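Okay, here's what each chain looks like letter by letter:
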Amino acid sequence: MFFIAGMSPKLYQIGNVMGECPACGAQDKLFLVKRSQTLSLFFIPVVKYGGEYLVTCGQCASLMELNPQMGKRVERDLNTRISPYDMHIIKNKNLPRCPQCGRQVYQDQNYCPGCGHKLER
Ligand SMILES: [Zn+2]
Ligand SMILES: [Zn+2]
């Protein structure tokens, strides 16, 4: 008698959500993904572990973890706004900041998208 058991992480794309990015301050550029682990036995999923909610920002490409309570609310109703306080940043490319307004800017941008300040390279 032997068992074939395995854990496999699954990603569910939930969709675009509204809220402010805690890394760059972009509005409504967030995308919510749920990651859950499934334990399978003989290739049949038996146990599903509670999900983890991850948010990516379409503007600065930072990865944030969303608190699970908020994640469940947003999963039920995509019109729920996420506050920056519900997320913590896991990955951030450390984009340079505009010296005038402090907003993160892309490497290839010559002018700050926030205040129009000319950026020195
Ligand atoms: Zn961002
Ligand atoms: Zn600026």
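Quick caveat, the model's predicted, so the values are computed rather than measured.

**Thoughts on the overall build of the protein chain**
Argument step 1. Scanning the protein chain from N- to C-terminus turns up one helix and seven strands.
Argument step 2. Going from the N terminus to the C terminus, the protein chain shows its helices and strands as β-β-β-β-β-α-β-β.
Argument step 3. Counting over 121 residues, the protein chain shows a buried share of 21%.
Argument step 4. If you take every contact in the protein chain between residues at least 6 apart in sequence, the share linking residues at least 24 apart comes to 46%.

**Let's talk about the environment of Cys115**
Argument step 1. On the secondary structure map, Cys115 appears in the segment after strand S7 (87–91).
Argument step 2. For the pair Cys115 and Cys98, spaced 17 residues apart in the sequence, the C-alpha separation amounts to 8.7 Å.

**Here's the deal with the environment of Phe42**
Argument step 1. Among the secondary structure elements, Phe42 is positioned in the loop between strand S2 (30–41) and strand S3 (44–48).
Argument step 2. C-beta crowding within 10 Å serves as the criterion here: with 10 such atoms nearby, Phe42 is assigned to the exposed category.
Argument step 3. It is 8.6 Å that separates the C-alpha atoms of Phe42 and Gly6, two residues lying 36 residues apart in sequence.

**Quick word on the nonpolar core**
Argument step 1. Of all hydrophobic cores here, the largest spans 17 residues; its most connected members are Cys21, Leu30, Leu32, Val55, Cys57, Leu66 and Ile82.
Argument step 2. Taken together, the elements giving at least two residues each to this core come down to S2, strand S4 (52–57), strand S5 (63–66) and helix H1 (68–76).
Argument step 3. Looking at this core element by element, the count peaks at four residues for S4.
Argument step 4. Here Cys57 is in contact with Cys21, Ala23, Cys24, Ala26, Lys29, Leu30 and Ser62, once residues within four sequence places are set aside.

**A few points about unusual backbone geometry**
Peptide bonds are, in most cases, trans, and in most cases residues other than glycine have a negative phi.
Argument step 1. Backbone geometry places Asp28, a non-glycine residue, at a positive phi of 55°.
Argument step 2. By the secondary structure assignment, Asp28 is in the loop between strand S1 (5–19) and S2.
Argument step 3. A positive phi angle is found at Ala61, which is not glycine, with a value near 65°.
Argument step 4. Position of Ala61 relative to the elements: it lies in the loop between S4 and S5.
Argument step 5. The exposure class of Ala61 is partly exposed, given the 14 C-beta atoms found within 10 Å.

So, how was this worked out
- Each chain has its residues counted from 1, following the order in which its sequence is written.
- Chain letters and ligand numbers both follow the written order, the letters beginning at A and the numbers at 1.
- Restriction of local features to residues with pLDDT of at least 70 applies here, the model being predicted, together with a cutoff of 80 or more for giving and counting side-chain atom pairs; totals for whole chains, interfaces and linings are based on all residues.
- The secondary structure listing takes helices from DSSP runs of H or I that are at least 4 residues long and strands from runs of E that are at least 2 residues long, numbered from the N terminus.
- Counting other C-beta atoms within 10 Å of a residue's own tells you its class, since 20 or more makes it buried, 12 or fewer makes it exposed, and anything in between is partly exposed; those C-beta atoms are placed from the backbone.
- Contacts here follow a simple rule: the backbone-placed C-beta atoms of the two residues must lie within 7 Å.
- As used throughout, a nonpolar core is a set of buried Ala, Val, Leu, Ile, Met, Phe, Trp, Tyr and Cys residues joined through C-beta atoms within 7 Å of each other.

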